[in-house]
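Spelled out from the first residue to the last, the chains are:
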Amino acid sequence: MTVFPERSFLPRRRPLPLALALTFAAVPAAWAQSEALPQGGTVLAPVIVSETKEQAAAPAATLGPQELAPLRAATADTASLLRRVPGVTLYGAGGASSLPAIHGLADERLRLQVDGMDLLSACPNHMNPALSYLDPSQVETIQVWTGVTPVSVGGDAIGGAIVVETPKPRFAAPGQGTLVTGDAGTYYRSNGDGFGVHAAATIAGEQVSVRYLGAYAKANNYDAGGNFKEFTATGRAGHTLDRDEVGSTSYELSNHLVGLALKSGAHLVDASVAVQNVADQLYPNQRMDMLDNDSTLFNLRYLGQFDWGSLDARAYHQSVDHFMDFGEDKRYWYGTASGGPTAPNGKPCSPIGSNCAAGMPMNTESRTTGAKLTASIALSERDVLRLGGEYQHYTLDDWWPPSGAGMWPGTFWNIKNGERDRAGLFGEWETKLNERWMALAGVRYEHVTTDADPVQGYADTNGMGMMMNYQKRDAAAFNARDRKRTDDNLDFTALTRYTLDEMREFELGFARKVRSPSLYERYPWSTWTMAAVMNNFVGDGNGYIGNPDLEPEKAYTLSATIDWHAADRRWGLRFTPYLTYVDDYIDALQWDAAKNAPATTLKSNQFVVLRYENQSARLYGFDLSGKAPLARTSLGAFGFEGMLSYTKGENRDTDDGLYNIVPWRATLTLTHQLAGWSNAIDWELVSPKDDVSDARNEIETPGYGLVHLRASRDWKDLRLDVGVENLFDKLYYLPTGGAYVGQGTTMSINAVPWGIAVPGMGRSIYAAINVKF
């Protein structure tokens with residue numbers, strides 16, 4: 001039976017009340033289907049739209065509760081649950097906010113959805129990406145499209161898609177009475193003293209279900225597998241870090257969700273409120289740290305089905321209040337009264353003014369309102385037509401209050417009243433041509449507008465210091481120009497699958513995908529070095545300037561898959577080559593602030609300031625994965641799992657390498673099962689990264705091999721996970737971890753040493769326990 005991707009639509013603006021009214025006024029009566037759970041409850045089943053066994057546009061990977069359980073044993077980072085998916089890598093960030101990349105395309109180049117919602121980062125460093133708003137314990141399923149993405153799943157992205165779902169509402173079985181169920185767990189990780197707790201509970205009848213999900217996580221800085229730096233100073237007198245301690249890697253955060261679902265006959269309405277508070281999350285590859293992040297998220301969904309097909313409607317709203325400043329491992333006091341920029345430690349000073357600065361507070365406030373509507377129409381037993389659309393209204397304010405010294409006396413507006421509106425429509429036809437051939441074709445249109453208000457620098461109130469750092473010149477030029485941009489984007493996808501027999505399948509697809517630039521790519525305006533280095537969401541230590549004239553990125557992807565497997569899927573081999581050309585790829589050029597033009601002489605072996613520019617790119621590679629049983633003996637059942645990925649990324653205009661591309665990556669796993677225990681030895685292999693982005697002075701990293709051990713045991717109401725990561729305590733550097741700027745005088749662009757990549761975690765022993773009730 002075919003499970004269709006869940007999508008929705010709203011035709012016009014404005015925020016939440018109108019979005020709710022327009023979306024749900026059109027929702028008629030429909031039906032919702034239930035299925036029994038092992039504990040006697042029921043959960044809304046996926047909507048069934050045909051009797052075919054497979055979907056032409058099925059995801060490349062689906063992680064359910066069984067696959068996710070060992071992955072989330074000792075982490076607060078939801079994106080890390082994807083670390084074993086072929087083709088997926090992770091950009092390093094905070095301890096709970098990695099950024100996923102698929103085939104070299106990362107972050108907002110991917111379609112990331114959480115419970116059907118498109119959540120946008122509200123930070124010039126992208127410290128609060130979409131997946132950071134969920135604790136790993138709150139995830140029930142993850143679907144990943146790594147190749148050609150259907151238009152019903154894609155949109156405003158040129159890479160793959162990642163769809164994350166929290167647990168669906170559960171209801172009591174007929175005659176059961178009141179259902180009370182849930183679970184609770186905790187974990188501990190030795191490196192960094194990381195620990196977390198989580199709980200979930202449901203109280204439900206046959207028609208009403210109330211659920212709660214909650215989690216808390218905290219960790220200190222972690223240690224690398226050896227000394228990776230020659231300095232210990234942090235910029236704060238009396239506070240030093242050992243040479244193997246990775247500064248600014250601590251975090252503390254909590255996530256809570258409360259949901260209410262109503263089911264009457266054939267109808268389901270599900271409403272939820274999710275609240276997150278990040279007390280602090282420090283960043284080893286950013287010059288600032290997140291010292292507070294508050295998010296409130298409302299999500300309302302209707303799900304049902306007619307005789308002719310199914311209907312899915314959703315409206316959501318998120319408010320985010322985000323605050324950054326220098327964390328405990330970075331210098332806080334600046335200005336001549338604090339010792340000047342060359343002092344190893346800034347000393348406290350007063351009064352706050354032109355000679356004394358107390359940190360550098362940065363505030364961001366965003367509001368996101370969206371709505372979706374999707375109809376999936378069963379034209380026949382073989383044909384399904386999906387029609388839908390969506391709307392999103394996003395507003396952003398990013399301002400930096402005065403704190404003294406060069407950041408004085410007014411407020412610096414990085415982006416003022418920024419807006420990004422999306423409205424999209426799509427149509428997609430899926431057909432089973434015969435018993436062997438399936439095909440899918442779809443078209444998607446999106447209308448995207450962006451805009452921002454006039455801005456000012458710190459000193460616009462009296463003109464002090466303007467000529468020194470170009471704030472007055474840059475603000476005047478930005479304010480004088482037309483800043484509104486309108487993009488009309490067209491996507492299309494064509495895909496076919498041929499099933500030779502029950503053991504062999506072949507898939508071929510082509511797609512054109514378009515993404516409009518983000519507010520942080522178009523509107524940061526200042527060429528001043530200090531302001532530019534605060535606008536960086538790739539973690540390379542450089543500074544970035546926005547470009548209002550950026551065109552949308554247009555990607556053309558050709559992907560194929562050969563899937564050879566046993567009839568019962570006990571063994572299998574899957575090979576996926578791909579090729580992507582990107583027109584108007586948003587890369588960056590080194591910038592000469594004095595001339596306000598591209599630099600004629602490139603600087604090397606140091607951090608630099610760059611401006612976003614449209615260029616052209618090519619990415620290609622392959623993913624190879626497989627598994628096989630090896631032996632079944634008195635000592636247990638042994639098996640093998642493996643994954644090999646290769647990616648190459650090139651700037652076709654400059655012949656430069658694209659940023660953060662891992663060329664070769666492999667994982668080899670020996671599995672073992674005995675007496676209810678599931679055990680594994682993982683051997684993780686990564687090649688040297690030496691084909692780097694010269695424009696960014698990207699740091700090369702050596703190759704490495706790591707060994708990890710893990711074991712788990714499931715009883716009826718209890719699960720235990722134990723393991724050791726980086727068994728031999730090896731010192732290695734994360735190829736996509738960025739530049740280490742986790743301690744010291746980070747406000748000054750080259751006051752921290754260039755050339756140190758962020759190292760990975762040394763040996764860490766962990767244990768996790770989860771109890772069901």
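Before reading on, note that the structure itself is shown above.
Small disclaimer: the values here were computed from a predicted structure and weren't measured.

Analysis parameters
- Residues numbered from 1 in each chain as written.
- Predicted model: local features only at pLDDT ≥ 70, side-chain atom pairs only at ≥ 80, totals over all residues.
- Heavy atoms only, no water.
- Phe/Tyr/Trp six-rings, centres within 6.5 Å; stacked < 30°, edge-to-face > 60°.
- Buried < 20%, exposed > 50% of the residue type's maximum accessible area, 1.4 Å probe, protein only.
- Helix = DSSP H or I, 4+ residues; strand = E, 2+ residues; numbered from the N terminus.
- Lys NZ or Arg CZ within 6 Å of the ring centre and 35° of its normal.
- Pairing = 2+ DSSP bridges.
- Axes fitted to C-alpha atoms, helices over the stretch in contact; angles between N-to-C directions.
- Disulfide = S-S within 2.5 Å.

1. As for the packing of aromatic side chains
Consideration 1: In total, this model carries 24 aromatic pairs according to the counting rule given.
Consideration 2: Each ring, one from Phe326 and one from Tyr334, has its centre 5.6 Å from the other, and the planes form 35 degrees; the classification is tilted. Each member of the pair, Phe326 as well as Tyr334, is classed as buried.
Consideration 3: A centroid spacing of 5.0 Å and a plane angle of 10 degrees characterise the contact between Phe412 and Trp525, whose relative ring orientation is stacked. Of this pair, Phe412 sits in strand E22 (residues 412-432) while Trp525 sits in the loop between helix H5 (519-522) and helix H6 (529-533), placing them 113 residues apart in sequence.
Consideration 4: In textbook terms, an aromatic cluster arises when at least three aromatic residues are bridged by ring pairs, as seen for Trp400, Phe412, Tyr458, Trp525 and Trp528.
Consideration 5: Here the guanidinium or amino end of Lys263 rests over the ring plane of Phe171, the centre of that ring lying 5.1 Å away.
Consideration 6: Over the face of the ring belonging to Phe607 we find Arg287, whose NZ or CZ atom lies 5.1 Å from the ring centre.

2. Remarks on the sheet that holds strand E9 (residues 161-165)
Consideration 1: Judged by pairing direction, the sheet is mixed, and its 4 strands sit side by side in the order E3-E8-E9-E7 without closing on themselves. Each of the sheet's edge strands pairs with one partner strand only, and the pair in question is strand E3 (61-63) and strand E7 (111-114). Between one strand and the next, the sheet's axes are offset by a mean angle of 10 degrees, whatever the strand orientation.
Consideration 2: Here E7 pairs with E9 via 4 bridges, running parallel. Paired with Leu112 across the strands is Ile162, a residue of E9.

3. Notes on the state of the cysteines
Simply put, the disulfide is a covalent bond whose two ends are the sulfur atoms of two cysteines.
Consideration 1: If you walk through the whole model with that rule in mind, you get 1 disulfide.
Consideration 2: In this model, Cys349 is linked to Cys356 through a disulfide, with the two sulfur atoms separated by 2.0 Å. Measuring the twist about the S-S bond at about 90 degrees, one finds the Cys349-Cys356 disulfide to be right-handed. When sorted by exposure, Cys349 lands in the same class as Cys356, which is buried.

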